[in-house]
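# Commentary on secondary and tertiary structure
The chain contents come next:
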Amino acid sequence: MPRPHLRTRSKKRLKVTLPSGRSQIHYEKEIVPTPSCSMCGQQLSGMQHLTPVEIRKLNRSKRRIGRPYGGQLCGKCLKNALKQAARAK
């Protein structure tokens, strides 16, 4: 029976044949997508590429970006969105 922290479906399971001929299951970490802008899809600068467990262990200032829509929009898209909002008023 696998260890308790391996009894989850978030880990990828690989069947590996050992040199002795015996087969064994190896567990890989979950693959996390890189944080990206929701408008243009560009990779966000200032956001770290970590698993949710690792992100929870960071300081709050390292988890998020301090500007409005930080962690959602890149700087260029935020600038354009603010311009459009100002022009609409």
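The preceding data block contains the structure.
Residues numbered from 1 in each chain as written. Predicted model: local features only at pLDDT ≥ 70, side-chain atom pairs only at ≥ 80, totals over all residues. Heavy atoms only, no water.

### What about the overall build of the protein chain?
We apply this condition: Only DSSP runs of H or I with at least four residues qualify as helices, and only runs of E with at least two residues qualify as strands; both kinds are numbered from the N terminus onward. Only C-alpha atoms enter the radius of gyration, while the globule expectation follows 2.2 Å times N to the 0.38, with N the number of residues. Buried means the residue's accessible area, taken with a 1.4 Å probe over protein chains only, is under 20% of the maximum for its type, while exposed means over 50%, and partly exposed covers the values in between.
Assigned secondary structure in the protein chain consists of 3 helices and 2 strands. Reading the helices (α) and strands (β) of the protein chain from amino to carboxyl end gives β-β-α-α-α. Here the C-alpha atoms of the protein chain give a radius of gyration of 20 Å, more than 25% beyond the 12 Å that 2.2 N^0.38 yields for 89 residues. Dimensions of the protein chain, computed from C-alpha atoms along their principal axes, come out at roughly 70 × 25 × 20 Å. Per-residue burial over the protein chain gives 13% buried out of 89 residues.

### Concerning the layout of surface pockets
Under the convention used in this document: Throughout, the protein atoms alone are placed on a 1 Å grid, and a set of points is a cavity if a 1.4 Å probe fits but cannot get out or a pocket if it is open with protein on both sides within 12 Å along at least five of seven lines; lining residues have an atom within 4 Å of a point. Grid points are joined across faces, edges and corners, and a volume is the space filled by probe spheres set on the points. Here the term charged refers only to Asp, Glu, Lys and Arg, the term nonpolar to Ala, Val, Leu, Ile, Met, Phe, Trp, Tyr, Cys and Pro, and the term polar to all other amino acids, Gly among them.
Here the largest pocket is characterised by a volume of approximately 180 Å³. Lining of the largest pocket is provided by His5, Thr8, Ser10, Lys11, Lys29, Glu30, Thr51, Val53, Glu54 and Lys57. In terms of residue class, the lining of the largest pocket is made up of 1 nonpolar, 4 polar and 5 charged.

### What about the state of the cysteines?
Keep this limit in mind: Disulfide assignment relies on a single distance test, namely cysteine sulfur atoms paired within 2.5 Å.
By the definition in use, this model includes 0 disulfides. No disulfide involves Cys40; its nearest neighbouring cysteine sulfur is the one of Cys77, lying 3.7 Å away. Judged by its relative accessible area of 44%, Cys40 is partly exposed. No disulfide involves Cys77; its sulfur sits 3.5 Å from the nearest other cysteine sulfur, which is in Cys74. Of the residues examined, Cys77 reaches a relative accessible area of 10% and is grouped as buried.

### Quick word on the nonpolar core
What counts, and what does not: What we call a nonpolar core is a set of buried Ala, Val, Leu, Ile, Met, Phe, Trp, Tyr and Cys residues that are connected through their side-chain atoms within 4.5 Å. Two residues qualify as a contact provided that any one of their heavy atoms is within 4.5 Å of a heavy atom in the partner residue.
Ranked by size, the top nonpolar core spans 6 residues in total: Cys37, Leu44, Leu73, Cys74, Cys77 and Leu78. The residues contacting Cys77, other than those within four sequence positions of it, are Cys37, Met39 and Cys40.

### Concerning the environment of Leu18
One can find Leu18 in the loop between β1 (12-17) and β2 (23-28). Along the sequence, Leu18 and Ser36 sit 18 residues apart, while their C-alpha atoms lie 39 Å from each other.

### Here we look at the pattern of salt bridges
Filter applied, for reference: Salt bridge, as applied in this entry: a Lys or Arg side-chain nitrogen positioned within 4 Å of an Asp or Glu carboxyl oxygen.
Within the structure shown, the criterion is met by 1 salt bridge. One salt bridge in this structure joins Lys29 and Glu54, with 3.7 Å as the shortest N-O distance. Placement of Lys29 in the loop between β2 and α1 (52-56) and of Glu54 in helix α1 is noted, with a sequence separation of 25 residues between them. Residue class for Lys29 comes out exposed when judged on its relative accessible area of 59%. Residue class for Glu54 comes out partly exposed when judged on its relative accessible area of 30%.

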